[in-house]
Amino acid sequence: MKQRLASYLPFLTWAKHYDRTAAAKDGLAALIVTLMLIPQSLAYAMLAGLPPVTGLYASMLPLIAYTLFGTSRTLAVGPVAVVSLMTAAALGPLFAVGSAEYAGAAMLLAMLSGAVLLAMAVLRLGFLANFLSHPVISGFISASGILIALGQLKHILGIPVTGENALELAHGLILGLPSTHLPTFIIGTLSLLFLFLVRSRLGGWLQKLGMSVHIAGTLTKIGPVVALLLAIAAVGGLGLADTGVRVVGAVPRGLPSLSLPTLDLELAMALLPAAVLISLVGFVESVSVAQTLAAKRREQIEPNQELVALGGANIAAAMSGGFPVTGGFARSVVNFDAGAQTPLAGALTAAGIGITVLLFTPLFHNLPHAVLAATIIVALLSLVDLAALKRTWRYSRQDAAAMAATMLGVLLVGVESGIMLGVGLSLLLFLWRTSQPHVAVVGQLPGSEHFRNIERFAVVQSPKVLSVRVDESLYFPNARYLEDRIAELIGRYPQAEHLVLMCPGVNLIDASALESLEAISARLHTAGIQLHLSEVKGPVMDRLRRSDFLEHFGGQVFISQYEALRALDPQTTHHALERQRDHLCSKEKAG
């Protein structure tokens, strides 16, 4: 009973062994992540089209929920750039940005995302995330990063720009350049330079001054907080808000009230497709980060329980005035590097954000939007990987095509359309690729019991046994192709009396493929050739036994191709073994 309860509440496992050492490490990690999360939360809320304080609200209860239900000891949950962009893309066409309806819809979207994730957990549907291939996710994140950066440049320049895609945003930026607000531009540019130098150079400079790698890395992570405080001081001291520099303005002090979002069935149905996509993308990003970090400590995570944890985190965000959240890459790595030992570090981070909301929100009044935009742009630098398209193209042009389609779809059409285009093209390319499986005629390697492709190796072939290897599962898209390929091979080997279909790469034979095997067997009988199978995997054999195919096709099922050749043409098999032996003897005599 205790073990089953611990599987639903993983914190019961690590809480039993929690000690002061772990608490000290968790506390330090929480402090560092809190300092990093404050500017990011404010910025990502603005990216989602919500008041900046909403990002702080979304960084409290969700972290506590993940502490209770999550299996990763270092994953840091909260607002992230890509999910914030998807939130804005879903809500922007429906409500005016900044309106109460918009904020309520964001809460409802978080609730729907949480419900989708919990439903996936109950139904064990975590495998659905596998349909988002790595090239598609990589292309989606890179294109989203470019789209987000373009959208944030308006805050750097201090000009109004609207647009749903990269072309519209770029066109608006070009037209608005003459009206650039100089004080805003200076603040934004200096913030970009400062944050970029902190991110790329500060650690090395501090190490040259004698600081340890750990301390230098820690100071680097709080660069955005320093930029935030400097900008607030500059705006307040110089009165830049009066010159037209856009600032955050009054930020409510105090914890958010707990309430469920208003359930509007019509709106919920309109938001459901976006909620499903946000859930899938968030789950893939979160689990990828969690698994990578867990592997470094030889720990394990449970993907299905992660669905529960992320679902709970999103429902907690909805109840506390937030918006959809997931595990973030950058701050999870920071949490890991800072030495977090358990998910309690996340709860301590939530406490730090709570203290900020209670005591320090008046400080954000003079925070320029340009600094938040700079924070987002610099944070996205690590996400954009255009070189991945070239690497993928060299390895697999089909995957590269899906990746390019995703990127173009996101940039030119929209976030949701782009990822759906990538997923759809990936599935179509997979069906096309597997509809023409690799089928090879094989022969016996001299002196061994192994069989290899006759076009790649010098092998011995039996004149009366045609050995054919299929390197793909057999199912409806490729069933007819196999029939045609076997017919072609029979025409090329008129002396064949037996055809042995090697199946080491066959993990499935569906009903369509079974009918094709029956048709192949019947046609071979007509031509005076007997069909046999070899190296059939256990699960495939179990399914074949549930049919009457094995009773009627008239051939045998051999455990290996060598056993098949030894039974059907022992003379050739013996000759292949002796041939290598004779060759070795000749070499010994010559030596």
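Source: prediction; values computed, not measured.

**Section: the environment of Ala22**
Mapped onto the elements of the fold, Ala22 is located in helix H3 (residues 20-47). Its relative accessible area of 11% is what places Ala22 among the buried residues. Along the primary structure Ala22 and Ala345 are separated by 323 residues, whereas in three dimensions their C-alpha atoms are 9.5 Å apart.

**What about the pattern of salt bridges?**
Evaluated as defined, the whole model comprises eight salt bridges. A salt bridge links Asp385 to Arg391, with the nearest nitrogen and oxygen atoms 2.8 Å apart. Judged by relative accessible area, which is 27%, Asp385 ranks as partly exposed. With a shortest N-O distance of 2.9 Å, Glu483 and Arg523 are connected by a salt bridge.

**Quick look at a nonpolar patch on the surface**
Taken together, Leu61, Ile64, Leu68, Leu258, Leu260 and Met319 make up a surface patch of nonpolar side chains, about 510 Å² in accessible area. Among the elements that line the nonpolar patch, the one with the most residues is helix H5 (residues 61-69), at three residues. Within the secondary structure, Leu258 sits in the loop between helix H12 (223-238) and helix H13 (265-296). On the accessibility criterion, Leu258 (59% relative accessible area) is exposed.

**So, the packing of helix H7 (residues 100-122) against helix H14 (residues 303-319)**
Their axes nearest at 7 Å, the elements H7 and H14 cross at an angle of 160°. By the criterion of interaxial angle, the relationship of H7 to H14 is roughly antiparallel. Considering how the two elements wind past one another, H7 and H14 form a crossing that is left-handed. Mapping the contact onto sequence places Met107, Ala110, Met111, Ser113, Gly114, Ala115, Leu117, Leu118, Met120 and Ala121 in H7 and Asn304, Leu307, Val308, Leu310, Gly311, Gly312, Asn314, Ile315, Ala318 and Met319 in H14.

**Quick look at the UniProt feature "domain: STAS" (unreviewed entry) in the protein chain**
UniProt records the feature "domain: STAS" (unreviewed entry) at residues 455-568, using the numbering of this structure. Between the end C-alpha atoms of residues 455-568 the distance is 23 Å, and the span holds 44% helix and 16% strand.

**Structural notes on unusual backbone geometry**
As a rule of thumb, non-glycine residues mostly have phi less than zero, and peptide bonds are mostly trans rather than cis. One non-glycine residue, Arg124, lies in the positive phi region at around 55°. With respect to the helices and strands, the residue Arg124 is situated in the loop between H7 and helix H8 (134-157). Look at Glu535: it is not a glycine, yet its phi comes out positive at around 55°. Within the secondary structure layout, Glu535 lies in the loop between strand E7 (530-534) and helix H23 (538-545).

**Things to note about the sheet that holds strand E4 (residues 451-453)**
In space, the six strands of this open sheet follow the order E4-E3-E5-E6-E7-E8, with mixed pairing throughout. Strands at the two margins of the open sheet, each flanked by one partner only, are E4 and strand E8 (557-558). The pairing of E7 with E8 spans two bridges and is parallel. Within E8, the residue paired with Ser534 across the bridge is Phe558.

**A look at H5**
Restricting attention to buried positions, one finds in H5 the residues Pro62, Leu63, Ala65, Tyr66 and Thr67. Where H5 is buried, its residues touch helix H2 (11-15), H3, helix H4 (53-57), strand E1 (77-78), H14 and helix H16 (344-359).

**So, the side chain of Arg485**
Mapped onto the elements of the fold, Arg485 is located in helix H21 (residues 479-492). Under the relative-accessibility criterion, Arg485 is labelled buried at 17%. Excluding its chain neighbours within four sequence positions, the residues that come into contact with Arg485 are Val439 and Arg492.

**Regarding the environment of Leu263**
Positionally, Leu263 belongs in the loop between H12 and H13. Owing to a relative accessible area of 68%, Leu263 belongs among the exposed residues under this scheme. Taking the C-alpha atoms as reference points, Leu263 and Met111, separated by 152 residues in sequence, lie 9.7 Å from one another. For Leu263, the contacting residues outside a window of four places in its chain are Leu108 and Ala268.

**Quick word on the pairing of E7**
Among the five residues that make up E7, five are buried, leaving the element largely enclosed by the rest of the structure. Looking at chain direction, strand E6 (residues 498-502) and E7 are connected through five bridges and run parallel. Paired with Val500 across the two strands is His532, which belongs to E7. In terms of handedness, the path from E6 via helix H22 (residues 511-526) over to E7 forms a crossover that is right-handed.

The rules behind the values
Residues numbered from 1 in each chain as written. Predicted model: local features only at pLDDT ≥ 70, side-chain atom pairs only at ≥ 80, totals over all residues. Heavy atoms only, no water. Helix = DSSP H or I, 4+ residues; strand = E, 2+ residues; numbered from the N terminus. Buried < 20%, exposed > 50% of the residue type's maximum accessible area, 1.4 Å probe, protein only. Salt bridge = Lys/Arg side-chain N within 4 Å of Asp/Glu carboxyl O. Patch = residues over 30% accessible without salt bridge, like charges linked within 9 Å, V, L, I, M, F, W, Y side chains within 5 Å. Areas by Shrake-Rupley, 256 points an atom, 1.4 Å probe, with all protein chains shown as cover. Axes fitted to C-alpha atoms, helices over the stretch in contact; angles between N-to-C directions. Parallel < 35°, antiparallel > 145°, perpendicular 65-115°, else oblique. Left-handed = near helix turned anticlockwise from the far one by under 90°. Contact = heavy atoms within 4.5 Å. UniProt positions renumbered as here; feature names shortened; annotations may be inferred. Pairing = 2+ DSSP bridges. Right-handed = clockwise from strand over helix to strand, strands pointing away.

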